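Working through the structure, step by step
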Amino acid sequence: MNGNVLKPRKIQSHKGDYGKVLAVSGSVGMAGAAVMCGRAAIRSGAGLVRFAVPKELFNILQICVPEATCLERDFENVIDINDYEAIALGSGLGLEKSNIPILKKVLNDYKGTLVLDADGLNCVMKYSLYGNLKASQADIILTPHMGEAARLLEVESIDIKDREKAAREIQEAFGTTVVMKGANTLVLTENKIYVNDTGNPGMATGGSGDVLTGIIASLAAQGYSGYEAAKIGVYIHGLAGDICAEEIGQIGMTAMDIADRVPEAFRRLASNSNDGRDK
Ligand SMILES: NC(=O)C1=CN([C@@H]2O[C@H](COP(=O)(O)OP(=O)(O)OC[C@H]3O[C@@H](n4cnc5c(N)ncnc54)[C@H](O)[C@@H]3O)[C@@H](O)[C@H]2O)[C@@H](O)CC1
Ligand SMILES: Nc1ncnc2c1ncn2[C@@H]1O[C@H](COP(=O)(O)OP(=O)(O)O)[C@@H](O)[C@H]1O
Ligand SMILES: [Mg+2]
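So, how was this worked out
- Residues numbered from 1 in each chain as written.
- Chains lettered and ligands numbered in written order.
- Predicted model: local features only at pLDDT ≥ 70, side-chain atom pairs only at ≥ 80, totals over all residues.
- Heavy atoms only, no water.
- Helix = DSSP H or I, 4+ residues; strand = E, 2+ residues; numbered from the N terminus.
- Rg over C-alpha atoms; globule rule 2.2 N^0.38 Å.
- Contact = heavy atoms within 4.5 Å.
- Lys, Arg positive; Asp, Glu negative; His and termini not counted.
- Charge placed at Lys NZ, Arg CZ, Asp CG, Glu CD.
- Polar contact = N/O pair within 3.5 Å; in protein donor to acceptor, adjacent residues only side chain to side chain.
- Near = heavy atom within 4 Å.
- Areas by Shrake-Rupley, 256 points an atom, 1.4 Å probe, with all protein chains shown as cover.
- Nonpolar A, V, L, I, M, F, W, Y, C, P; charged D, E, K, R; others polar.
- UniProt positions renumbered as here; feature names shortened; annotations may be inferred.
- Buried < 20%, exposed > 50% of the residue type's maximum accessible area, 1.4 Å probe, protein only.
- Disulfide = S-S within 2.5 Å.

Topic: the overall build of the protein chain
Looking only at helices and strands, the protein chain features 11 helices and 9 strands. Compactness check: the protein chain gives a C-alpha radius of gyration of 17 Å against a globular reference of 19 Å for 279 residues, within 12% of the reference. Here the C-alpha coordinates of the protein chain stretch approximately 45 × 45 × 35 Å along the principal axes. Pairs at least 24 apart in sequence give 69% of the contacts found in the protein chain among residues at least 6 apart. Computed over 29 positive and 34 negative side-chain charges, the inter-centroid distance for the protein chain is 2 Å.

Remarks on the environment of Asn108
Looking at where Asn108 falls in the secondary structure, it is placed in helix 3 (residues 99-109). On a C-alpha basis, the gap between Asn108 and Ala138 in space is 8.7 Å, while along the polypeptide they are 30 residues apart. Side-chain polar atoms of Asn108 contact the side chain of Asn132, separated by 3.0 Å.

Looking at the site of ligand 2
By nearness alone, 17 residues border ligand 2, and Lys181, Gly182, Gly207, Ser208 and Gly209 come closest of all. At 3.0 Å from an oxygen atom of ligand 2 is found a side-chain nitrogen or oxygen belonging to Ser208. Protein chains bury 79% of the 570 Å² of accessible surface belonging to ligand 2 in isolation. Here the shell around ligand 2 is built from residues that sort into 5 nonpolar, 10 polar and 2 charged.

Thoughts on the side chain of Thr189
Mapped onto the secondary structure, Thr189 falls in strand 8 (residues 186-189). With near-sequence residues (within four places) excluded, Thr189 lies in contact with Arg168, Gln171, Thr177 and Tyr227.

Quick word on the UniProt feature "transmembrane region" (unreviewed entry) in the protein chain
UniProt tags residues 21-42 as "transmembrane region" (unreviewed entry). Structurally, residues 21-42 comprises 55% helix and 18% strand, and the distance from its first C-alpha atom to its last is 9 Å.

Focus: the UniProt feature "binding site: (6S)-NADPHX" (unreviewed entry) in the protein chain
If you check UniProt for "binding site: (6S)-NADPHX" (unreviewed entry), the listed places come out as Ala33, Gly92, His145 and Asp210 in our numbering. Considering the arrangement of structural elements, one finds Gly92 in the loop between strand 4 (86-89) and helix 3. On the basis of relative accessibility, which here comes to 7%, the residue Gly92 falls in the buried class. Among all residues touching Gly92, those that are not within four sequence positions of it are Gly26, Ser27, Met30, Ala33 and Asp119. Mapped onto the elements of the fold, Asp210 is located in helix 8 (residues 208-221). Asp210 gets classed as buried once you look at its relative accessible area, which sits at 14%. Not counting residues within four places of it along the chain, the set of residues in contact with Asp210 comprises Ala33, Met36, Cys37, Ser91 and Asp117.

Some words on the state of the cysteines
The final tally for this structure, using the stated rule, is 0 disulfides. Here Cys37 stays unpaired: no disulfide links it, and the sulfur of Cys70, its closest cysteine neighbor, is 13 Å away. Cys70 carries a free sulfur, and the closest cysteine sulfur to it, the one in Cys64, is 10 Å from it. A relative accessible area of 11% places Cys70 in the buried class.

Digging into the site of ligand 1
Close to ligand 1 lie 16 residues; Ala33, Gly92, Asp119, His145 and Asp210 are nearest. Separating an oxygen atom of ligand 1 from a backbone N or O atom of Ala33 is a distance of 2.9 Å. At a separation of 2.8 Å, an oxygen atom of ligand 1 approaches a polar side-chain atom of Asp210. Protein chains shield 50% of the accessible area of ligand 1, which is 840 Å² for the free molecule. Put simply, the parts of the chain that give the shell around ligand 1 at least two residues each are helix 1 (31-43), helix 4 (118-126) and helix 6 (146-153). Ranked by the residues each element gives to the shell around ligand 1, the list is headed by helix 6, at 4 residues. Counted by class, the shell around ligand 1 contains 5 nonpolar, 7 polar and 4 charged residues.

Take a look at the structure:
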């Protein structure tokens, strides 16, 4: 990937110029997913990150991600979802019925860029919300791993040799951008496919996908299209993982380690010299 894909930050600019991300992530018992997602969004350059979470999570999030702010997950009285250029929805959300109105509100009313991950995807299938997903006016990026992709296609499992076909089927079924995660993550949109070449198996560790969701949402908040944000996001995420492998080793890198190498990954992409990939 060439560094000129990145938008330079202007000297005369302020946080309002770099977008606001709303992270509708985490639940009691999965605060970590929100931490990874929010931390990665901040590390990817968004002007402001705000969590929409149950009140029980405020303390832990404000300690673990002090740069972000927290609001209660109440889209009727507290949060205007269309105030945010990008929403990350689903990491660590859980599968409770109480998520139905949250998903419906975002899918029916949101007009920005929406990254739908993990339990966001699982809830769409569990509660038959695919009609809402297909009709949504948002620019949507789905980020399934192979297990989640199988759920989206309502099949038992997907063979690795059928990965691209399955990703295309999801893209066509929902009309969104699709990020099919794993080694050589695929990014698909109508008539386009990008095969990522960064990353390593050390990244197969809990929370790594939540980091990717935060990176993509952050790029979308800064004005990249959903497809561009997804492509650059998977590249940066993998490169941050490769920097972890250089510094720490593949075994034992953590999702937080990956999030914290994201700025260096952007630096390498921007200079386009150290990553050795000029494609
Ligand atoms: N610290 C935290 O709070 C964390 C919370 N997480 C959240 O936990 C919830 C459940 O997500 P999980 O991914 O753990 O659970 P899943 O329910 O998606 O994964 C469970 C099963 O799915 C299948 N699967 C998972 N990855 C696969 C792959 N790459 N290829 C094929 N099959 C695969 C496997 O059969 C696996 O046993 C999500 O909301 C997620 O965001 C995770 O992100 C991990 C960290
Ligand atoms: N072998 C691998 N090579 C490269 N990247 C990988 C590999 N295994 C996992 N990853 C990356 O790690 C992330 C895992 O995401 P996910 O399965 O959603 O984990 P979690 O839900 O625990 O955060 C994805 O971005 C995926 O592409
Ligand atoms: Mg995940």
